[in-house]
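# Notes for the structure review
Each chain, written out:
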Amino acid sequence: MKTKKILLPESQLPAQWYNIVGDMPNRPLPPLDPKTRRPVMPEQMNGLFAEELVRQEFSTERYIDIPEPVRELYKIYRSTPLVRAYGLEKALDTPARIYFKNESVSPVGSHKTNTAIPQAYYNHRQGIRRLTTETGAGQWGSAMAMACNHFGIALEVFMVKVSYMQKPYRKMMMNTWGAEVHASPSTLTEAGRAALARNPDDSGSLGMAISEAVERVFLNPEQTRYCLGSVLNHVLLHQTVIGEEALRQMELFDDYPDTVIGCFGGGSNFGGIGFPFLRENLTHGRKTRIIAVEARSCPKLTRGRFEYDFGDTAGFTPLFPMYTLGHDFHPSDIHAGGLRYHGAGPIVSQLLRDGLIEAQAVPQLETLEAGILFARTEGIIPAPESAHAIAAAIREARRAGEEGTPRTILFNLSGHGQIDLLAYERFLAGELRDPEVSDEELRRSLDRLAPIVG
């Protein structure tokens with residue numbers, strides 16, 4: 001009988017997060033203070049993030065212990081299944097073996113809970129009473145709302161306006177767990193009011209939502225901190241439970257991936273699935289291809305520039321070394337709201353710069369077509385973000401068929417799409433298009449950057 005999925009017993013769940021910085025041949029360049037252009041010191045970030053998260057952000061330790069309270073909460077849904085996609089393989093008539101890590105089984109339906117729980121925990125332990133954050137499609141905001149509710153912390157969420165309108169049930173999920181949710185840009189902050197003054201119909205961006213959430217910290221800096229759902233080192237660190245589990249599960253399948261794929265917005269689920277396998281490349285000579293798949297309408301990895309840039313639109317954050325489209329780049333209003341971010345995390349950017357990972361861009365229509373094929377063959381409706389990884393996996397499987405070469409493909413199903421059905425409804429009705437970004441549009445945005453990297 002064919003094995004369809006494998007879970008791990010609680011005794012085999014990861015006890016440590018993996019910090020790839022400790023194994024990188026070239027470590028990321030430091031964040032810079034935008035005023036002095038000197039490296040930011042950890043203590044300068046303690047007013048924005050919990051102190052333990054700052055320590056992890058700057059850490060070069062290869063492994064960091066997962067606190068027992070976090071491990072206990074992880075047991076609610078971890079391990080997540082590693083599944084052999086027999087139905088998809090059959091539909092594609094491919095010699096490839098396709099596996100997916102199903103992170104959609106978490107309480108909020110996505111991988112975001114893996115870092116929301118520790119971020120809420122460390123803030124609670126420090127005595128923080130209120131947190132602010134941003135969210136694109138709402139998966140991160142939902143995860144943070146659930147975690148904050150558990151630890152008794154108030155949460156204020158700025159949700160990108162286009163997703164706020166497209167995905168009302170994610171707002172309702174956050175409200176159910178006790179979070180306060182605003183459409184961004186809003187009239188509650190100077191950054192939001194300035195954006196609306198420029199364009200009253202501004203549909204928002206993750207960069208703007210970050211600006212608003214950071215600005216709200218300044219109102220009560222003693223009791224308030226900010227939490228981020230992607231991009232930075234400590235966030236990607238927490239997500240490595242995905243790949244650490246997947247390594248053990250692939251052993252139980254008696255298989256090993258030639259290709260590992262994750263969709264890419266800022267880097268959280270991509271790093272989560274990819275970094276432990278990349279460690280095996282770096283330390284044990286494996287040759288697995290690690291592929292980040294972004295939206296073609298927001299192509300920072302495939303068409304952006306490696307440069308220091310702000311992590312937000314208003315320029316409140318430090319300058320981070322990243323592949324970027326420019327912090328005031330306004331992405332098209334695609335349904336994969338979690339991928340509408342102008343920059344890539346510093347770790348992922350350095351890895352791409354060093355040729356240790358690959359990047360691909362997939363258009364919206366191919367993405368949703370892949371999502372529907374996956375739903376019809378495997379029974380799970382994927383989030384539009386996750387469907388980017390599925391589309392790339394399908395490309396790889398078809399190439400294996402054309403070449404007649406068996407290969408093993410693993411992708412991360414970062415979340416389900418049961419609250420993203422508007423995207424599929426509009427796709428099936430033929431109402432969606434593939435937004436294009438012109439070279440001129442990118443040039444104008446990138447030319448506004450002040451070059452720092454030589």
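For the structure, check the block above.
Below, the structure is looked at part by part. (Residues numbered from 1 in each chain as written. Predicted model: local features only at pLDDT ≥ 70, side-chain atom pairs only at ≥ 80, totals over all residues. Heavy atoms only, no water.)

What follows is about the environment of Cys227. Mapping Cys227 onto the fold places it in the loop between strand E9 (224-226) and helix H10 (233-239). Exposure remark for Cys227: the relative accessible area of 0% places this residue in the buried category. With near-sequence residues (within four places) excluded, Cys227 lies in contact with Gln119, Asn123, Leu131, Thr132, Thr133, Glu134, Trp140 and Met144. (Helix = DSSP H or I, 4+ residues; strand = E, 2+ residues; numbered from the N terminus. Buried < 20%, exposed > 50% of the residue type's maximum accessible area, 1.4 Å probe, protein only. Contact = heavy atoms within 4.5 Å.)

So, about the packing of aromatic side chains. The full count for this structure, using the stated rule, is 13 aromatic pairs. A centroid spacing of 5.9 Å and a plane angle of 80° characterise the contact between Phe218 and Phe316, whose relative ring orientation is edge-to-face. Note that Phe218 is positioned in the loop between helix H9 (206-217) and E9 and Phe316 in the loop between strand E12 (305-310) and strand E13 (319-324), a separation of 98 residues in sequence. When the ring of Phe374 is compared with that of Phe411, the centres are 5.9 Å apart and the planes differ by 75°; the resulting orientation is edge-to-face. With Phe374 in helix H15 (residues 364-378) and Phe411 in strand E15 (residues 408-413), the pair connects residues that are 37 residues apart, well separated along the chain. Here Phe374 matches Phe411 in class, with each residue buried. Each member of the aromatic cluster is reached from another via a ring pair, and the members are Phe100, Phe374 and Phe411. Its guanidinium or amino end placed over the ring of Tyr18, Arg279 lies 4.6 Å from that ring's centre, counting from NZ or CZ. Lying across the ring of Tyr256, Arg286 places its NZ or CZ 3.7 Å from the centre. (Phe/Tyr/Trp six-rings, centres within 6.5 Å; stacked < 30°, edge-to-face > 60°. Lys NZ or Arg CZ within 6 Å of the ring centre and 35° of its normal.)

What follows concerns the sheet that holds strand E8 (residues 180-184). The four strands lie next to each other as E8-E7-E6-E9, forming an open sheet whose pairing is parallel. Lying at the two open borders of the sheet, with one neighbouring strand each, are E8 and E9. For this sheet the average axis-to-axis angle between neighbouring strands, irrespective of direction, equals 20°. The pairing of strand E6 (residues 130-135) with strand E7 (residues 154-160) spans six bridges and is classified as parallel. Bridging from a neighbouring strand, Thr135 pairs with Met159 of E7. Where helix H5 (residues 139-151) meets the sheet, it contacts E6 and E7, and its direction lies at approximately 160° from that of E6. (Pairing = 2+ DSSP bridges. Axes fitted to C-alpha atoms, helices over the stretch in contact; angles between N-to-C directions.)

Let us look at the pattern of salt bridges. Scanning the entire structure with this criterion turns up 33 salt bridges. Residues Arg55 and Glu61 are paired through a salt bridge, measuring 2.8 Å at the closest nitrogen-oxygen approach. Since its relative accessible area comes to 39%, Glu61 is described here as partly exposed. Taking the shortest distance from any N to any O, the salt bridge between Arg448 and Asp328 comes out at 3.0 Å. (Salt bridge = Lys/Arg side-chain N within 4 Å of Asp/Glu carboxyl O.)

Scanning the model with the defined rule gives zero disulfides in all. No disulfide involves Cys263; its sulfur sits 13 Å from the nearest other cysteine sulfur, which is in Cys298. According to the relative accessible area criterion, Cys263 is buried, its value standing at 1%. The exposure class assigned to Cys298 is buried, which follows from its relative accessible area of 1%. (Disulfide = S-S within 2.5 Å.)

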